[in-house]
Amino acid sequence: MKNQVLLLIMSFMVIITEAQTEVKLENGVKGERSFLKMDWGNMNYEVFGEGEPLLILHGNGGSAASRYSMIPKLLEHYQVIAVDARCHGRSSCPEGNLDYFDMADDVIALMKNLKHEKYSIWGHSDGGILGLIIGYKFTSRLNRMLLSGANTRFSGLEPELQAFIKQYNQIPDPKMRKHTALMANQKEIPMDSIRKINIPVMLMVGDRDAIPMKHTMQIFEALPKANLCVLPASSHFISNEKPNHIIYWLKEFKKPFSAPSTVEIAKKMAKSMFGN
């Protein structure tokens, strides 16, 4: 009997050991890599530091590892949880088409599993799309979000990029073809759903982004509590081109939300000058 109990304990310890692997970044920062068992396979996520949890959601074809260079600079302010979406990074790649709404539900499942009371999110590109979906589906468990290069529909991309993406069937690499098909077949996120995201959102876009400014403004105007950040001389790949700007705003955005109105300030100035 004792041997059976010992064997059971040892088996449990092996499972735990396999589920958590130490991750070492180049600068000596250490984290833990784990897998959450899903009905489609294993979802990889990596946890660094302690404090307020910040979920980092990568873009199309990216991974948690693509953010390694930025993570150490965030640990003073956040516990970083970097996630590999299904069919990305170290996560399993199930058969069939990918869907942003399913991928957002994956992240919500992880949030529930980790059991933190509240989370903040930085989502870029596809990660920003997931952030918008999570934002209205799981608002009660969110503090704030920084969303960069996000769109709510396929037509929210520059027309030339749409034309390229529509040719995804010609891409020889099966995983890249699957990733590109995800963009081409994007289901629209209704603006009425965006209006339900009643938490502070920093909406970030490059001035030469894949997302036209007109579409970014539609999202910005639908969000009840949003600030807009347009990065100059920047493409869609702002996390590579302007990583320090993202880090700065992730830190700055922890301050209370503010939405000053130039019109209201001018009215007060007019009242003081004219006395009415």
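Keep in mind that this is a model prediction, so the values were computed, not measured.

Asks: Any chance you could explain the pattern of salt bridges here in plain terms?
Replies: Taken as a whole, this structure holds 12 salt bridges when the rule is applied. In this structure, Lys 24 and Glu 22 form a salt bridge, with 3.8 Å as the shortest nitrogen-oxygen distance. Salt bridges here are not isolated pairs; linked through shared partners, they connect Arg 33, Glu 46 and Arg 90.

Asks: So what exactly am I meant to see when it comes to unusual backbone geometry here?
Replies: Most of the time, phi is negative for any residue but glycine, and the peptide bond is trans. Even without being a glycine, Ser 125 presents a positive backbone phi close to 60 degrees. Structurally, Ser 125 can be placed in the loop between strand E6 (119–124) and helix H3 (126–137). Of note in the backbone geometry, Ala 233 takes a positive phi value of approximately 50 degrees without being a glycine. Its location among the elements puts Ala 233 in the loop between strand E9 (226–231) and helix H8 (238–241). Look at Ala 233 and you get exposed, because its relative accessible area is 58%.

Asks: For this particular structure, what's the right way to read the packing of aromatic side chains?
Replies: The full count for this structure, using the stated rule, is two aromatic pairs. An angle of 70 degrees between the planes, with centres 6.3 Å apart, marks the rings of Phe 48 and Tyr 68 as edge-to-face. Placement of the pair is Phe 48 in strand E3 (residues 41–48) and Tyr 68 in the loop between strand E4 (53–57) and strand E5 (79–83), with a sequence separation of 20 residues. According to the relative accessible area criterion, Phe 48 is buried, its value standing at 0%. Taking the centre distance of 5.0 Å and the plane angle of 80 degrees together, the rings of Tyr 248 and Trp 249 count as edge-to-face. One residue, Lys 254, lies across the ring of Tyr 78, its end atom 4.7 Å from the ring centre.

Asks: Would you mind going over the sheet that holds E9 with me for this structure?
Replies: Within a sheet, adjacent strands bond to each other through the backbone by hydrogen bonds, running parallel or antiparallel. Taken in spatial order, the nine strands make up an open sheet running E1-E2-E3-E5-E4-E6-E7-E8-E9, and their pairing is mixed. Lying at the two open borders of the sheet, with one neighbouring strand each, are strand E1 (20–24) and E9. On average, adjacent strands in this sheet sit at an angle of 20 degrees to one another, irrespective of strand direction.

Asks: Is there a simple way to explain the state of the cysteines in this structure?
Replies: What is meant by a disulfide is a covalent connection between two cysteines, made through their sulfur atoms. According to the stated counting rule, one finds one disulfide in the structure shown. At a sulfur-sulfur separation of 1.9 Å, the disulfide partner of Cys 87 is Cys 93. Taking the torsion about the S-S bond as the criterion, the Cys 87 to Cys 93 disulfide, at about -50 degrees, is left-handed. Residue Cys 87 is classed as buried on the basis of its relative accessible area of 0%.

Asks: I'm lost on helix H10 (residues 262–274) in this one. Help?
Replies: Think of an α-helix as turning once every 3.6 residues; residues three or four places apart then point the same way. Look at H10: 18 Å from first C-alpha to last across 13 residues, which is about the 18 Å you get at 1.5 Å a residue. In terms of burial, H10 is largely open, as just zero of its 13 residues are buried. Positive phi shows up at Gly 275, right after H10, with a value of about 75 degrees.

Asks: Looking at this structure, I do not really get the side chain of Asn 44. What am I missing?
Replies: Mapped onto the secondary structure, Asn 44 falls in strand E3. With a relative accessible area of 0%, Asn 44 lands in the buried category. Within the local environment of Asn 44, its side chain forms a polar contact with the side chain of Glu 46, the two groups lying 3.2 Å apart. At 2.8 Å, the side chain of Asn 44 and the side chain of Asp 84 are in polar contact. Among all residues touching Asn 44, those that are not within four sequence positions of it are Arg 33, Ser 34, Phe 35, Ala 82, Val 83, Asp 84, Arg 90 and Ser 91.

Quick notes on the rules
Residues numbered from 1 in each chain as written. Predicted model: local features only at pLDDT ≥ 70, side-chain atom pairs only at ≥ 80, totals over all residues. Heavy atoms only, no water. Salt bridge = Lys/Arg side-chain N within 4 Å of Asp/Glu carboxyl O. Helix = DSSP H or I, 4+ residues; strand = E, 2+ residues; numbered from the N terminus. Buried < 20%, exposed > 50% of the residue type's maximum accessible area, 1.4 Å probe, protein only. Phe/Tyr/Trp six-rings, centres within 6.5 Å; stacked < 30°, edge-to-face > 60°. Lys NZ or Arg CZ within 6 Å of the ring centre and 35° of its normal. Pairing = 2+ DSSP bridges. Axes fitted to C-alpha atoms, helices over the stretch in contact; angles between N-to-C directions. Disulfide = S-S within 2.5 Å. Expected span 1.5 Å × (residues − 1). Polar contact = N/O pair within 3.5 Å; in protein donor to acceptor, adjacent residues only side chain to side chain. Contact = heavy atoms within 4.5 Å.

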